[in-house]
Amino acid sequence: MRYKGKVHKLGDHIDTDAIIPAKYLVTYDPAELGRKCMAGLAEDWVDRVRPGDIIVAGRNFGCGSSREHAPVAILGAGMRVVVAHSFARIFYRNAFNRGLMLIELGDAVDRIADGEEIAIDTEAGLLTLCSSGRTIAFPKLPGFIDRLVQGGGLIAYVKNRLAHSGA
Amino acid sequence: MRMTLAQKILQRHTAEEIREDGQIVNCKVSLVLANDVTAPMAISSMLDMGAERVFDRDRIALVMDHFTPQKDIASAMQVKFVREFARKHQITHYYEGGNCGVEHALLPELGLVGPGDVVVGADSHTCTYGGLGAFATGLGSTDVAAAMALGETWFKVPPSIKVTFNGSLPEWVTGKDLVLWLIGEIGVDGALYKALEFHGPVVENLSVESRMSIANMAIEAGGKCGLFAADRKTLDYAVAAGRKGDREIAADPGAAYEREISFDVSALTPLVACPHLPENVCPVTEVKDVSIQQAVIGSCTNGRISDLREAAAVLKGRRVDPQVRCIVLPATPNIWKQALAEGLIDIFMDSGCIVGPATCGPCLGGHMGILADGERAIATTNRNFRGRMGSLESEVYLSNPAVAAASAVAGHIIHPAEI
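Residues numbered from 1 in each chain as written. Chains lettered and ligands numbered in written order. Predicted model: local features only at pLDDT ≥ 70, side-chain atom pairs only at ≥ 80, totals over all residues. Heavy atoms only, no water.

Asker: For this particular structure, what's the right way to read the overall build of chain A?
Answerer: Each helix and strand counted, chain A has 6 helices and 7 strands in total. Along its sequence from the N terminus, chain A presents helices and strands in the succession β-α-α-β-α-β-α-β-β-β-β-α-α. Relative to its length of 167 residues, chain A is compact, with a C-alpha radius of gyration of 16 Å against a globular reference of 15 Å. Projected onto its principal axes, the C-alpha coordinates of chain A cover approximately 55 × 40 × 25 Å. Taking all 167 residues of chain A together, the buried fraction comes to 56%. Total accessible area computed for chain A in this model is approximately 6900 Å², and 48% of it derives from carbon and sulfur atoms. (Helix = DSSP H or I, 4+ residues; strand = E, 2+ residues; numbered from the N terminus. Rg over C-alpha atoms; globule rule 2.2 N^0.38 Å. Buried < 20%, exposed > 50% of the residue type's maximum accessible area, 1.4 Å probe, protein only. Areas by Shrake-Rupley, 256 points an atom, 1.4 Å probe, with all protein chains shown as cover.)

Asker: Looking at this structure, how should I read the domain arrangement of chain B?
Answerer: Residues and elements named next belong to chain B. Here chain B is described as being made up of domain 1 (5-263) and domain 2 (271-418). Domain 1 and domain 2 are separated by 24 Å when their C-alpha centres are compared. Together domain 1 and domain 2 conceal approximately 3000 Å² of surface at their shared face, both sides included; 62% is due to carbon and sulfur atoms. Looking only at domain 1, the three residues that lose the most surface to domain 2 are Val102, Trp172 and Lys176, adding up to 21% of its buried area. Where Glu220 meets Arg383, a salt bridge forms, and the shortest distance between an N and an O atom there is 2.6 Å. Counting across the domain 1 and domain 2 interface gives 23 residue pairs in polar contact (both at pLDDT 80 or more). Of all elements in the fold, only helix H4 (103-109), helix H6 (175-186) and helix H8 (208-216) reach the threshold of two or more residues within the side of domain 1 that touches domain 2. Take the side of domain 1 that touches domain 2: its biggest share by element is 6 residues, from H6. (Domains from an automatic or database assignment. Buried area = accessible area lost by both parts, 1.4 Å probe. Salt bridge = Lys/Arg side-chain N within 4 Å of Asp/Glu carboxyl O. Polar contact = N/O pair within 3.5 Å; in protein donor to acceptor, adjacent residues only side chain to side chain.)

Asker: Before we go on, may I ask you to explain the environment of Glu185 of chain B in this structure?
Answerer: With respect to the element layout, Glu185 of chain B can be found in helix H6. Given a relative accessible area of 48%, Glu185 of chain B falls into the partly exposed group.

Asker: Any chance you could explain the pairing of strand S5 (residues 117-121) of chain A here in plain terms?
Answerer: In regular strands, side chains alternate between the two faces of the sheet. All names here are of chain A. As paired strands, strand S1 (residues 2-9) and S5 are joined by 5 bridges and run antiparallel to one another. Among the inter-strand pairings, Arg2 is bridged to a residue of S5, identified as Asp121. Two strands pair when backbone bridges link them, and S5 and strand S6 (residues 126-129) are joined in this way by 4 bridges, in the antiparallel orientation. Directly across from Asp121, in S6, lies its bridge partner Leu126. Between S5 and S6, which pair antiparallel and follow one another directly, the connecting turn spans 4 residues, one of which, Gly125, has a positive phi of 70°. (Pairing = 2+ DSSP bridges.)

Asker: What should I look at first to understand the side chain of Asp117 of chain B in this one?
Answerer: Residue and element names in this part refer to chain B. Within the secondary structure layout, Asp117 lies in the loop between H4 and strand S5 (118-122). Looking at Asp117, its side chain comes within polar contact range of the side chain of Arg243, at 3.4 Å. Apart from residues no more than four positions distant in its own chain, Asp117 is found in contact with Ile9, His13, Ser30, Leu112, Gly133, Ala134, Phe135 and Arg243. (Contact = heavy atoms within 4.5 Å.)

Asker: Would you mind showing me how to read the nonpolar core here?
Answerer: Grouped burial of nonpolar side chains is what soluble globular proteins tend to show. Ranked by size, the top nonpolar core spans 100 residues in total, and within it Phe61 and Val83 of chain A together with Phe348 of chain B carry the most contacts. It is helix H14 (residues 401-410) of chain B that contributes the most residues to this core, 7 residues altogether. Shared between two domains, this core takes at least three residues from each, and those domains are domain 1 (5-263) and domain 2 (271-418) of chain B. If near-sequence neighbours (up to four positions away) are discounted, Val83 of chain A is found in contact with Ile54, Ile55, Val56, Ala57, Ile103, Leu105, Val109, Ile112, Ile118, Ile120 and Leu127 of chain A. Counting 54 residues, the second largest nonpolar core, distinct from the first, contains Leu162 of chain A together with Ile18, Val79 and Ala145 of chain B. (Core = buried A, V, L, I, M, F, W, Y, C linked by side-chain atoms within 4.5 Å.)

Asker: I keep staring at the confidence of the model for chain B and nothing clicks. Help me out?
Answerer: For residues with low pLDDT, the predicted coordinates do not support detailed interpretation. Looking at chain B, pLDDT values average 98 and 100% of them are 70 or higher. Scored as a whole, the predicted complex attains pTM 0.97, and scored at its interfaces, ipTM 0.94. (pLDDT = per-residue confidence, 0-100.)

Asker: Please clarify how helix H11 (residues 305-315) of chain B should be interpreted in this entry.
Answerer: For an α-helix the count is 3.6 residues per turn, leaving residues at separations of three or four pointing the same way. Residues of H11 of chain B that are buried: Ile305, Asp307, Leu308, Ala311, Ala312, Val314 and Leu315 of chain B. Trailing H11 of chain B by a residue or two, Gly317 of chain B shows a phi angle of about 75°, which is positive.

Here you go:
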């Protein structure tokens, strides 16, 4: 997969209450949740986002609650990929299950600046800083997750299994 | 292979041979859990999967505990959606209304989770059941939907961190303080993707309830689970909860750990986690002149009967500061009745507390105690992220029940020995 977009830089330990506060968890509609994406940082945070933009965050992005509403809110706001130093584990599973791409970069996230444009090629494992043309390599997805994402995510995987088992 | 507790429990639930950490294995699950916030999305995912039935109607628990009693029309619609699903699929363990409690207090009490189980729940504090010797972890709604349909899920076998507590617990220091100490020590991502495994004489002497308070906050260190061996005490708890056939289970001597942490607790004092991260931990005595407007005693971390006893012991014969609303939420109906029978409810009411129903309510800023701009709370809950309990301009300090109760009396954060 390839992605290109403007960076919104965030810090360490962005928790799921920041991504989508609990008071908005009375729906699972992506568009509705998307309108409140990052409302735990600032109520109008999402106003700065245009479709295709990319969040670049620090350590432990998505920590806290298991709410799948968090990746759904990010997708609902029009963003399809998040780059971070590292991700919290429940968020990590939820994102791939929902088709939100995650790129774990480690300390190299520090080389990406707020507002700049970046391009990502997941097959090549390369992130490019568009202004300078410099690249950052990242490890490709683990085989199991790669197959899950390529197969269309967890919903498609289960659908396929149920169809074959006749359950 | 000498196995950690995490490896050992997973091995019992998978046909694959576990050879190393990081290996991905498919496991049969003992119980699948979701609540009123996460179940609607799980049901929606299940429908998208084309799953027409659940794997086992006796092994799914749907607990309507977060925004209940239904706080508004939207949350009532969510609960209604789940209730109709539960009826259609004849889900045995559907809880709403008078039989409902905070899920991670309720399910152990009902004997629905126990030693050696693999439990997945669409709630991050599912790790609580590690206190009973269960491999239990939080997942999102779609993962839980898959588990509801298939009765299995995949796990990456986690590396384990062995935490040994030595010495003896001083007065006023509880399981909550031990887990806050650990989170302060290793940080909110210190156990990311890993299992925490608790050992040592202090742990052996802890009550099962206290062990659950510790396991509950494994996620606050990023952990996949927080595990305790199931010993005689655990089995007694399981039998009292109506379970049969459980056995003791422990890690093999000589199992390989990624990291080992030992700590002598004998000089520990009660701790608080300061805003806005659970790792911002310091002794309560170092927090000076911090006034509070709210105290919350309850939640899946500290809403059990032993917690209420600790709070009541401090509140007995004292008055909550008039500037403070002290909200006590016994975590299940049984705990409520027990507190009533023991006279604890009288103590809370006489001291000026608000005693409410069993709900997660204020812990996640849902309802029943929301903070305004500039307000500050001390809570026996598990998270103090910015805005967690209400306004983005409010603050939450986390503590054990005695510290929360003492602070409610003083009107500011204080060590219970100082009031």
